[in-house]
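If you want the building blocks of each chain, they are given just below.
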Amino acid sequence: MSRNISPILVKKEVSFEDLANKKLAIDAYNTLYQFISIIRQKNGTSLINSKGNITSHLSGVFYRTSNMLKKNIKPVYVFDGEPPQLKFDTIDKRKIIREEAFEKYIIARENKDFENAIKYAQMSTRLNHKIIEETVILLKYLGIPSVFAPSEGESQAAFMTIKGDVDIVASQDYDSLLFGSTQLVRNLAVGKKRKLPNKKEYVDITPELYILNEILEKHEIDREALVDIAILVGTDYNEGIRNIGPKKALKLIKKYGSIEKVLAAIGKEIENLDDIKNIFLHPNVTEEYRLVWYKPDKEKIIEFLCNEHDFSRERVIKTLDEINLSKTDQQRTLGEWF
DNA sequence: ATAGCAAA
DNA sequence: TTTGCTATG
């Protein structure tokens, strides 16, 4: 299972406002997973419309994307394609965890143990085709581009920063840095106060910015070495070496120069090592995307959110008007919104 | 997660 | 204005 390399990364606290005028490639699955997992009622059930269909993702996407547009942030949502074969162990393990959590969720809900119900409901969160489809529709009405990655969304998003088509990747995972993303932002949210799980405590959460070059320069390594470190620690594609964390991995890679030499020195092996390195260093990505942002289609959004999904007309219209208002100061061309 | 409201 | 809390669909 993958562990993370955050202890050796350089983190900068920023504000949502600091991202104004930036182009952001948003890891769509990562973001949707968060919305579906967190946007719930007190008893652990998701937000639903009158037909009983989940709407948590639409709420999250609509309000967060609107906030970005108000700040002149230009988002593009990047969706996952086919995962690499080597990811299937991780995918299977996650599936088992989800299924076990779902059983516990049902039991907790029956016992009216809502604290545990929420916990297990969040752990059993799953994205389905309908959630993805509805998100793409809403984004289209909002005038936001979607990109469909051939394989991992994070590698596609990273590729787009390397090409200079976007400035930053937005995700909770650190993997995009391994894929070469020039910048990564975590905790991309507007609200500052966040409730701690299972506690009554509130805590400040601000966006965190990671700049790849700063990380590489600090440790005097190149990206290949960073990938080697991650593989030693463990990724979505390999288990990692027991008792080697990011700090020890960094030391070993600097001492021996490459993962192959480290493995020889400690007498260990990693299966499919070349294939794993290739996933990070030569990912399957596409140049077939077009990034254009259009003015939100107010009528279609109201029809979709309010008529089809029972959103409050008052709130939706207010939000859309606020986007328009923030735009009137700025110059814009006829067709394109930005 | 975010909006919106009430109390401090 | 800031903070704490509930409702949202």
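Structure shown above.
Computed from a predicted structure; not experimentally measured.

The rules behind the values
- Residues numbered from 1 in each chain as written.
- Chains lettered and ligands numbered in written order.
- Predicted model: local features only at pLDDT ≥ 70, side-chain atom pairs only at ≥ 80, totals over all residues.
- Heavy atoms only, no water.
- Near = heavy atom within 4 Å.
- Polar contact = N/O pair within 3.5 Å; in protein donor to acceptor, adjacent residues only side chain to side chain.
- Nonpolar A, V, L, I, M, F, W, Y, C, P; charged D, E, K, R; others polar.
- Pairing = 2+ DSSP bridges.
- Helix = DSSP H or I, 4+ residues; strand = E, 2+ residues; numbered from the N terminus.
- Contact = heavy atoms within 4.5 Å.
- Axes fitted to C-alpha atoms, helices over the stretch in contact; angles between N-to-C directions.

Engineer: Describe the protein's contact with DNA strand C, listing the residues and the values that go with them.
Structural biologist: Around DNA strand C lies a shell of 13 residues, among which Gln41, Ile48, Thr55, His309 and Ser312 are the nearest. At a separation of 3.4 Å, a base nitrogen of DNA strand C approaches a polar backbone atom of Ser46. Its residues assigned to classes, the surface near DNA strand C comprises four nonpolar, five polar and four charged.

Engineer: Describe the pairing of strand β6 (residues 183-186), naming the residues involved and giving the relevant values.
Structural biologist: Across two bridges, the pairing between strand β5 (residues 168-170) and β6 is parallel. Bridged to Val169 within β6 is Leu184. Bridge analysis of β6 against strand β9 (residues 208-211) gives four bridges, and the strand direction is antiparallel. Bridge pairing in β9 links Val185 to Leu209.

Engineer: Describe the sheet that holds strand β4 (residues 146-148), and please don't skip the residues or the numbers.
Structural biologist: Taken in spatial order, the seven strands line up as β1-β9-β6-β5-β2-β3-β4 in an open sheet, and their pairing is mixed. At either end of the open sheet lies a strand with only one pairing partner, and these are β1 (12-13) and β4. Taken together, the five bridges between strand β2 (residues 23-27) and strand β3 (residues 74-79) define a ladder with parallel strand orientation. Across the sheet, the residue bridging to Leu24 is Pro75, located in β3. Lying over the sheet, helix α6 (residues 153-162) contacts β2, β3, β4 and β5, oriented at roughly 140° with respect to β3. The strands touched by helix α8 (residues 212-219) are β1 and β9; relative to β9, the strand with the most contacts, the crossing angle is about 60°.

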